[in-house]
Amino acid sequence: MSRKPLIAGNWKMNKNHLEAIKLVQELAFSFTDKDFDKVEVAVLPPFTDLRSVQTLVDGDKLRIEYGAQDLSAHDAGAYTGEISGAQLAKLGCAFVLAGHSERRQYHAEDDALVNAKVKAAYRHGITPILCVGEGLPIRQAGDQVPYTIAQVDGALAGVSAEQVKSIVIAYEPVWAIGTGEVATPEDAQEVCGAIRTRLAGLYDREVADAVRILYGGSVKSDNTAGIMAKPDVDGALVGGASLDPGEFVKICRFGE
Ligand code: G3P
């Protein structure tokens, strides 16, 4: 089963809409069609930048995809400050993050809410990038696999095999996010491999083999190749390094 690698840049709460245009233009200048034959590339800007990114991508027929960092579990109504999957779909978003550790940590998102958000994304034809991963105490106790698998189970409850085939799962150990402390390729493989085995158990082998599993946490151009060489790692979710166009392009070329 060949899975096309995906590198997604999570800009977090960085870049206004003018800066977003500049960054996407810089990426567009650097990428060639040859790059896109080998890798799928997506940017995940803040909500306020999405319209500008859409205009640029559509106008110049760029092969860079884009998506959002969060969505509401609801489709419309009195939910002040929320953004729905329907609104994101209308803006042409291909992807949306669900359950990023910063949402879990600062906005008390639990597995039930993440599950509702995954389902909301599917209702509107957007591919969820489900984020899972353990904090430092769990890693120190050696419980990273059962902890992460429980997050996967919770987020996928009631999600059909047909839907799950297209999901992207990002394994992002919290202790590696923004710390410069990247997981070793072996650490990444251990948990990504366990997630794939779990998918085979929850669904079947065909579904498990179809799902792209990314690693995220201090990914840089000089550590991408080692991580990407692992059999169950199909790409990366990149935070800080995705704000530097030169560095992000190098990551998308797996460090070459
Ligand atoms: O979603 C990406 C992420 O949380 C990793 O961030 O800055 O460690 O690459 P960073």
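Our structure's up above, just so we're on the same page.
Draft legend 1. Spotlight on the sheet that holds strand β4 (residues 95-98). Taking strand neighbours around the barrel as the criterion, the eight strands line up as β1-β2-β3-β4-β5-β6-β7-β8 in a closed arrangement whose pairing is parallel. Recorded for the sheet is a direction-independent mean angle of 25° between the axes of neighbouring strands. In the packing of helix α10 (residues 185-202) onto the sheet, the strands contacted are β5 (127-132), β6 (168-171) and β7 (212-216), and the crossing angle to β6 comes to about 145°. Sitting on the sheet, helix α13 (residues 245-252) touches β1 (6-10), β2 (40-44) and β8 (235-238), and the angle it makes with β1 is about 155°.

Draft legend 2. Main features of unusual backbone geometry. For Lys-12, which is not glycine, the phi torsion reads 55° and is therefore positive. With respect to the secondary-structure elements, Lys-12 resides in the loop between β1 and α1 (17-30).

Draft legend 3. Local environment of the packing of aromatic side chains. One pass over the full model with this rule turns up two aromatic pairs. Ring centres of Phe-31 and Phe-36 lie 5.2 Å apart, and the angle between their planes is 50°; this geometry places the pair in the tilted category. Classification of Phe-31 as buried rests on a relative accessible area of 8%. The exposure class of Phe-36 is buried, given its relative accessible area of 8%.

Draft legend 4. Spatial organisation of the site of the ligand. Taken together, Asn-10, Lys-12, His-100, Glu-172, Ala-176, Ile-177, Gly-178, Gly-217, Ser-218, Leu-237, Gly-239 and Gly-240 form the complete shell of residues around the ligand. In this structure, an oxygen atom belonging to the ligand sits 2.9 Å away from a main-chain N or O atom of Gly-239. Starting from 310 Å² of accessible surface for the ligand in isolation, the protein chains cover 96%. Along the lines of polarity and charge, the residues of the shell around the ligand split into three nonpolar, seven polar and two charged.

Draft legend 5. Fine view of the nonpolar core. Ranked by size, the top nonpolar core spans 65 residues in total, and within it Val-43, Leu-130, Ile-167, Ile-195, Leu-199 and Tyr-215 carry the most contacts. Element by element, the count of residues in this core is highest for α10, at six residues. Excluding anything up to four places from it in sequence, Ile-167 contacts Val-118, Tyr-122, Thr-127, Pro-128, Leu-130, Leu-156, Val-211 and Arg-212.

Draft legend 6. Structural view of the pattern of salt bridges. This structure, assessed with the given rule, holds 22 salt bridges. Arg-196 is the partner of Asp-234 in a salt bridge, and the nearest nitrogen-oxygen pair spans 2.7 Å. In this pair, Asp-234 is assigned in the loop between α12 (224-228) and β8 and Arg-196 in helix α10, connecting sequence segments 38 residues apart. The network of salt bridges with common partners includes Arg-3, Arg-196, Asp-232 and Asp-234.

Draft legend 7. The arrangement of the state of the cysteines in detail. Here the structure, examined in full by the defined rule, presents zero disulfides. Residue Cys-93 stays outside any disulfide, its sulfur separated by 15 Å from that of Cys-131, the closest cysteine. Looking at the unpaired Cys-131, the closest cysteine sulfur is the one in Cys-192, lying at 12 Å. Here Cys-131 falls in the buried class, since its relative accessible area comes to 1%.

Draft legend 8. Quick look at the side chain of Asp-232. Position of Asp-232 relative to the elements: it lies in the loop between α12 and β8. Residue Asp-232 is classed as buried on the basis of its relative accessible area of 14%. Within polar-contact distance, the side chain of Asp-232 engages the side chain of Arg-196 at 2.6 Å.

Draft legend 9. Layout of the environment of Gln-151. Along the chain, Gln-151 falls in helix α8 (residues 144-156). By relative accessible area, which is 5% here, Gln-151 ends up buried. Along the backbone, Gln-151 and Asn-115 are 36 residues apart, and their C-alpha atoms lie at a distance of 9.6 Å. Apart from residues no more than four positions distant in its own chain, Gln-151 is found in contact with Arg-104, Asp-111, Val-132 and Gly-133.

Draft legend 10. Up close: the environment of Arg-212. With respect to the helices, strands and loops of the structure, Arg-212 is situated in strand β7. If we ignore the near neighbours within four places in the chain, the residues touching Arg-212 are Arg-3, Lys-4, Pro-5, Leu-6, Glu-40, Phe-95, Ile-167, Val-168, Ile-169 and Asp-234. At a separation of 2.8 Å, a polar atom in the side chain of Arg-212 contacts the side chain of Glu-40.

Calculation criteria
Residues numbered from 1 in each chain as written. Predicted model: local features only at pLDDT ≥ 70, side-chain atom pairs only at ≥ 80, totals over all residues. Heavy atoms only, no water. Pairing = 2+ DSSP bridges. Helix = DSSP H or I, 4+ residues; strand = E, 2+ residues; numbered from the N terminus. Axes fitted to C-alpha atoms, helices over the stretch in contact; angles between N-to-C directions. Contact = heavy atoms within 4.5 Å. Phe/Tyr/Trp six-rings, centres within 6.5 Å; stacked < 30°, edge-to-face > 60°. Buried < 20%, exposed > 50% of the residue type's maximum accessible area, 1.4 Å probe, protein only. Near = heavy atom within 4 Å. Polar contact = N/O pair within 3.5 Å; in protein donor to acceptor, adjacent residues only side chain to side chain. Areas by Shrake-Rupley, 256 points an atom, 1.4 Å probe, with all protein chains shown as cover. Nonpolar A, V, L, I, M, F, W, Y, C, P; charged D, E, K, R; others polar. Core = buried A, V, L, I, M, F, W, Y, C linked by side-chain atoms within 4.5 Å. Salt bridge = Lys/Arg side-chain N within 4 Å of Asp/Glu carboxyl O. Disulfide = S-S within 2.5 Å.

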